[in-house]
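Residue-level listing of the chains:
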Amino acid sequence: MSVLLASRSPRTGGDEPAGAAAAGSLDTIGRGWLVAAFAGSAVYAGVVALFSGIGVHRQWAVMAAPAYALATAAAAWKRRGLDLSLLLALAGGLVAPLTWMAARGESQREIQVIIRSAWSLVHHGTPYHSAAALAGTHNPDAYNPYLPVMALFGMPRTLLGGGLLTDPRIWFGVTFAGVFALALARAGATDIWRWTVLVTATPLVAFPLAVGGDDLPVLALMCLGLALLWRPGRQPSPVLAGLVLGVAAAMKATAWPALVVAVALVAARDGRRSAVRLAGAAVAIFAALVGPVAAVAPGSLVVNTILFPLGLTNATSGAASPLPGHLLAQTGHAGHVIAVGLLAFAVLALALSLVVRPPRNCHSATWRLIIGLVLMFTLAPDSRFGYFIYPAGLWVWLQVSSLGGVRPQARAGPAGGAGPAGGGGLPGGAGPPGGGGLPGGKPIRG
């Protein structure tokens, strides 16, 4: 069976189908893609096992690499290999290492920060240490860079005690899978649960979730917020999108750019009244969730969630990947000021682009968000490679959603369209010039 991804038609402002709907089920896109995905996952896990200096990362890789290798072999089996390969990848890439590490109490340190923040919220009304208590410490683990809603994932451990099912990573995973599936469904994707399992089983999600995973529910909510503004034959839901993005923004500041881009999209496409409704819903839910904590201790909220991530406290953040912003900040005070300035410039450039050339469909809005996040994470004084799960996850959501036959008639570059200039290429218009499917306009055959 072959699937020819539809070519693009002249530019419009919507996200309606631009041709015959493509069957987006996994068993129609070609086993070669699935084999390549699992083979690449096996190689990645092998590299982590050999070269990572972090214990929990190596533990994940040692379990995941052989599972991905078995999934690669299973994916080539035409009759029943699809579901078997997904099962092997999910079991070995996520379930086994997560269960092993959760049972032994091993994780990246953000898990303990979240558990402690939940305990503090229950007993002191705030998930943060006071500004006075933090003034004399150089311990980064004393800080909580997350916004108050993130503490909810530590509540099971606080209220019910230790155990596998009270580990925050379990609830990160459940939230991600459920919300990501909803985002795919709302954007018109098909074969939703297989796609969700595939995305969850690959290292993009399985690796960070097994060892930490606090970014994953935020990412899923960002995808759902944008999906609620898509128009695959139904009206967008700006109020509901605002509520979803407001909850994400009350978890982590990394969701704030998505809210700004969504407001710009709705204002350009649906009018100012719809944009005000979206922004109002987001601000209302954000204020309801963050306001009580801010009222109890506003100073500690600012120190933990703003000053600490920007490197303006005595403690050094553990987010220290050798990215340009961090390397520049390490040169001294002047370098740190320059890095913060470059980050502010990137934010300003994104905002200015939204004013000068606002996106007019969800594809162009998502691409604008992806580019903005890449710039911000690259230039931030304290950043880590793991943050790039946001642009990568948004791109994956966009491509899978497009495979369902819902793709825009718009066609332009990342700043104003659905991908790099040119024709089709990869689903959603993110590939080389040509027709749909493989580069050069060749159909994907299964």
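Keep in mind it's a predicted model, so treat the numbers as computed, not measured. (Residues numbered from 1 in each chain as written. Predicted model: local features only at pLDDT ≥ 70, side-chain atom pairs only at ≥ 80, totals over all residues. Heavy atoms only, no water.)

**Things to note about the packing of helix α4 (residues 109–124) against helix α7 (residues 168–186)**
The geometry of α4 relative to α7 is characterised by a closest axis approach of 10 Å and an angle of 95° between their N-to-C directions. Taken together, the axes of α4 and α7 lie roughly perpendicular to each other. Contacts from Ile111, Ile114 and Ile115 of α4 reach α7 at Pro168, Arg169 and Phe172. Class assignment of the residues belonging to the contact of α4 with α7 gives a composition of 5 nonpolar, no polar and 1 charged. (Axes fitted to C-alpha atoms, helices over the stretch in contact; angles between N-to-C directions. Helix = DSSP H or I, 4+ residues; strand = E, 2+ residues; numbered from the N terminus. Parallel < 35°, antiparallel > 145°, perpendicular 65-115°, else oblique. Contact = heavy atoms within 4.5 Å. Nonpolar A, V, L, I, M, F, W, Y, C, P; charged D, E, K, R; others polar.)

**Describing the pattern of salt bridges**
Summed over the entire model, instances satisfying the criterion amount to 8 salt bridges. The salt bridge partner of Asp214 is Lys252, with a shortest N-O separation of 2.7 Å. Of this pair, Asp214 sits in the loop between α9 (203–211) and α10 (215–227) while Lys252 sits in the loop between α11 (238–249) and α12 (256–270); the two residues are 38 residues apart in sequence, bridging distant segments of the chain. You'll find Asp214 and Lys252 in the same group, each marked buried. Of the charged contacts in the structure, one is a salt bridge between Asp215 and Lys252, with a shortest N-O distance of 2.4 Å. Highlighted residues: Asp215 in helix α10 and Lys252 in the loop between α11 and α12, separated in sequence by 37 residues. (Salt bridge = Lys/Arg side-chain N within 4 Å of Asp/Glu carboxyl O. Buried < 20%, exposed > 50% of the residue type's maximum accessible area, 1.4 Å probe, protein only.)

**Focus on the confidence of the model for the protein**
Looking at the protein, pLDDT values average 83 and 83% of them are 70 or higher. Between residues 1–14, whose pLDDT stays under 50, and residues either more than four places distant or in other chains, the model counts 57 contacts. Under a pLDDT of 50 for its full length, residues 405–446 has, in the predicted model, 155 contacts with residues more than four places off or in other chains. (pLDDT = per-residue confidence, 0-100.)

**Considerations on helix α14 (residues 298–307)**
Within the span of α14, buried status applies to Ser300, Leu301, Val303, Asn304 and Thr305. On its buried side, α14 packs onto α5 (131–135) and α13 (272–296).

**Focus: α7**
Taking 1.5 Å of rise per residue, the 19 residues of α7 would be expected to cover 27 Å, and the 27 Å separating its terminal C-alpha atoms lies within 8% of that figure. Listing the buried residues of α7 in full gives Pro168, Arg169, Ile170, Phe172, Gly173, Phe176, Val179, Phe180, Ala181, Ala183, Leu184 and Arg186. Tucked inside the fold, the buried residues of α7 contact α3 (81–104), α4, α8 (192–201), α9, α10 and α18 (389–403). Following α7 by one or two positions, Gly188 adopts a phi angle in the positive range, close to 95°. (Expected span 1.5 Å × (residues − 1).)

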